[in-house]
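What follows is the residue order along each chain.
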Amino acid sequence: MRFPLALTAKIAAHILKHKLLRTRRFALVLQLEPLHTCNLTCTGCGRIREYSTSLKDMMTLEDCLGAAVEAGAPMVSVCGGEPLIYPHIEELVAGLLRQGRIVYVCTNGVFMRRKLCEYLASIYTPALEPELTTLLRDNLISGRDAAAVRQGTTRSRPVIAPTKWLYWNVHVDGLEYTHDLAVEREGVFRECVAAIRLAKRLGFQVATNTTVYKETDMREIEQLFQYVSALGVDGHTISPGYDFDAAKRDMIQRLGKNPADFFLTREMTRKKFANILEWGDRFNIFGTRVYQEFLAGKRELTCTAWAIPTRNIRGWKAPCYLMTDTHYPTYRQMLDEVDWNRYGVVNGVARDPRCENCMVHCGYDPSGALGVNARQGDTWKNIKYNFGSRPKPNPEGLRVKAFNGVSIGKGHLAEAKAALGFAKPPARSAAPGGAGVAAAAQEAHEAHEAQGAALGGRQG
Ligand code: SF4
Ligand code: SF4
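Residue positions within a chain follow its written sequence, with the count starting from 1. Written order decides the labels, with chains lettered from A and ligands numbered from 1. Confidence filtering applies because this is a predicted model: local features only for residues at pLDDT of at least 70, side-chain atom pairs given and counted only at 80 or more, and all residues used for totals across whole chains, interfaces and linings.

Draft legend 1. Region of interest: the site of ligand 2. Of all residues adjacent to ligand 2, which total 14 residues, the nearest are Cys-303, Cys-320, Cys-355, Cys-358 and Gly-363. When residues are grouped by polarity, Ala, Val, Leu, Ile, Met, Phe, Trp, Tyr, Cys and Pro land in nonpolar, Asp, Glu, Lys and Arg in charged, and all others, Gly among them, in polar. Looking at the shell around ligand 2 residue by residue, the class counts come to 11 nonpolar, two polar and one charged. Using a C-beta atom placed from the backbone, a residue is described as near a molecule or strand when that atom lies within 6 Å of it.

Given below as structure tokens:
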């Protein structure tokens, strides 16, 4: 199966329950953003721009767990910002698992190995020594990490431990050159790969999360999927990027770029995703077959953004993950007060001009699962896809030249700085293990910890 049976059954039971109850609108996945702080500044990220005035604010743990109960969704995607910066991330994951949710921790990967080492420390006994030796040999942990693991944990806090109910969802937008360009920092791709490999060695489930832009070469994404599936990655989410307001403004103001050169129109998305059905046969692409048909231009769907609501520091973000008209204090209020008929594209006509080019998974993937615009055979198609056997990774994927060059000095940020007359930054090491990015991550983490201490009273 593409997704563990218990998880598929949980989601199916949730949909069935609401169908029987004739619930008009309900949540399938909660996008939970405990904070918007991030250690990266990816091109195209609306979050760190839209919420730039509240980057120091965080949801309390109680608020996060309460939001999950309120939404009642079987699946919670913990995102942000970078959720591994959230000081209560372990307690949050543990609390969501206790509530019986399927949890995705959506991360840029930079702090992931640190969390994995904390897990290792929590289970350390001398019997783990042979494993530590091989992890050291494979450069997945450093000597310092091994020493810290051997000391074991003195913390009474939980750690993030492997379970079939949990996925790490690592953001990867291409192979090394492209990904580092997109996240505007060198060494991040190497760090993501190391984190993915370590997580798989420790028995975690790992997915990747890819956004496709106008300049994305789909042959490269195919190679990326070949490569990461050969590393043992359990599945992939993939979605087109489009010119939503916050990212568009940033593109013009900060980078001096034309958004039309970067984001996809509907027509371009369909061309980019023309082979997605065939990819679905070869790779474990998460989601429904119906959504894949939509991406490939074989059918229309109506947006069901209410099924993947976003909750953050300001409340329930309406109407959707990407666009903000207002924030509501409760999910119920958002469901009741938003005029959902004002959004989406119906029969090729955008009800709101901002929706015109949107085909993102958080608006349309649930439409495929919920039978919106259903055609005969859709249910069977989705069942066959999700209950069918998981495509086997091809070991040939390890031959992909994933480390295809660093982008320092050539990225969007460097161009923007050059345009503003700043000197080029000194090159950082791109040694295996991401020494350059690790140092930068450490800097960001230390700055964050200082900030977290200052915010202690507000975090609950
Ligand atoms: S890692 Fe995620 S939250 Fe951070 S800047 Fe990139 S896209 Fe935005
Ligand atoms: S189509 Fe739906 S998900 Fe896309 S921008 Fe409009 S409301 Fe949001």
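Draft legend 2. Seen up close, the sheet that holds strand β3 (residues 102-107). Spatial strand order, β6-β5-β4-β3-β2-β1-β7-β8-β9: nine strands in an open sheet with mixed pairing. Edge positions in the sheet fall to β6 (235-240) and β9 (324-328), since each has one partner strand and no second. Across the sheet, the mean angle separating the axes of adjacent strands is 25 degrees when strand polarity is ignored. Note that β3 and strand β4 (residues 166-171) share five bridges and pair parallel. Counted as the bridge partner of Val-105 is Trp-168 from β4. Strand pairing is assigned whenever DSSP detects at least two bridges linking the two strands. Every helix listed is a DSSP run of H or I at least four residues long, and every strand listed is a run of E at least two residues long, numbered separately from the N terminus. In this analysis an axis means a line fitted to C-alpha atoms, helices contributing only their contacting stretch, and an angle means the value between N-to-C directions, from 0 to 180 degrees.

Draft legend 3. Representation of the environment of Ser-54. Mapped onto the elements of the fold, Ser-54 is located in the loop between α2 (47-50) and α3 (61-71). Put plainly, a residue is buried at 20 or more neighbouring C-beta atoms within 10 Å of its own, exposed at 12 or fewer, and partly exposed in between, counting only other residues' C-beta atoms, which are placed from the backbone. With 14 C-beta atoms packed within 10 Å, Ser-54 lands in the partly exposed category. In this structure the C-alpha to C-alpha distance between Ser-54 and Thr-37, which are 17 residues apart in sequence, comes to 8.6 Å. Excluding its chain neighbours within four sequence positions, the residues that come into contact with Ser-54 are His-36 and Ile-313. Note on contacts: each residue gets a C-beta atom placed from the backbone, and two residues are in contact if those atoms are within 7 Å.

Draft legend 4. Broad picture of the packing of helix α8 (residues 176-183) against helix α9 (residues 188-201). With their axes 8 Å apart at the nearest point, α8 and α9 run at an angle of 110 degrees to one another. On the basis of their axis angle, the class for α8 and α9 is roughly perpendicular. Here Glu-176, His-179, Asp-180 and Val-183 of α8 come into contact with α9, specifically with Val-188, Phe-189 and Arg-190. Among the residues making up the contact of α8 with α9, the classes are represented as three nonpolar, one polar and three charged. Oblique is the label for any angle not covered by the other classes, which are roughly parallel (under 35 degrees), roughly antiparallel (over 145) and roughly perpendicular (65 to 115).

Draft legend 5. A look at the pairing of β3. Of all six residues in β3, six are buried; the element is thus mostly enclosed. Alternating residues of β3 divide into Ile-102, Tyr-104 and Cys-106 and Val-103, Val-105 and Thr-107, and every residue in both groups is buried. Of the pairings in the sheet, the one linking strand β2 (residues 75-78) to β3 comprises four bridges and is parallel in character. Bridging from a neighbouring strand, Val-76 pairs with Val-103 of β3.

Draft legend 6. Focus on the site of ligand 1. As a structural note, the neighbourhood of ligand 1 is formed by 13 residues, with Cys-38, Leu-40, Cys-42, Cys-45 and Asn-108 the closest of them. Tallied by class, the residues present in the shell around ligand 1 amount to six nonpolar, five polar and two charged.

Draft legend 7. Summary view of helix α4 (residues 89-98). Along α4, the residues classified as buried are Ile-89, Leu-92, Val-93 and Leu-96. Buried residues of α4, viewed axially, fall in a sector of 95 degrees; they line one side. Contact partners of the buried residues in α4: α3, β2, β3 and β4. Looking one or two residues beyond α4, the residue adopting positive phi is Gly-100, at roughly 85 degrees. Directions from the helix axis toward the C-beta atoms define the arc.

Draft legend 8. How the structure looks around the pairing of strand β8 (residues 315-319). β8 sits mainly inside the fold: four of its five residues count as buried. The pairing of strand β7 (residues 310-312) with β8 spans three bridges and is antiparallel. When the sheet's bridge partners are listed, Thr-310 is paired in β8 with Lys-317. In this structure, the hairpin formed by β7 and β8 is closed by a connection of two residues. Sheet analysis places β8 next to β9, joined by four bridges and oriented antiparallel. Bridge pairing in β9 places Trp-316 opposite Tyr-328.

Draft legend 9. Focus on unusual backbone geometry. For the bond running from Gly-80 to Gly-81, omega is 15 degrees, close enough to zero to count as cis. Tracing the backbone shows Gly-81 in the loop between β2 and α4. The peptide bond linking Ala-318 to Pro-319 adopts the cis configuration, its omega dihedral lying at 10 degrees. For Pro-319, the location among the structural elements is in strand β8. The phi dihedral of Asn-139 falls on the positive side, at around 60 degrees, and the residue is not glycine. Within the secondary structure layout, Asn-139 lies in the loop between α6 (129-137) and α7 (143-150).

Just distances and angles here, no functional claims.
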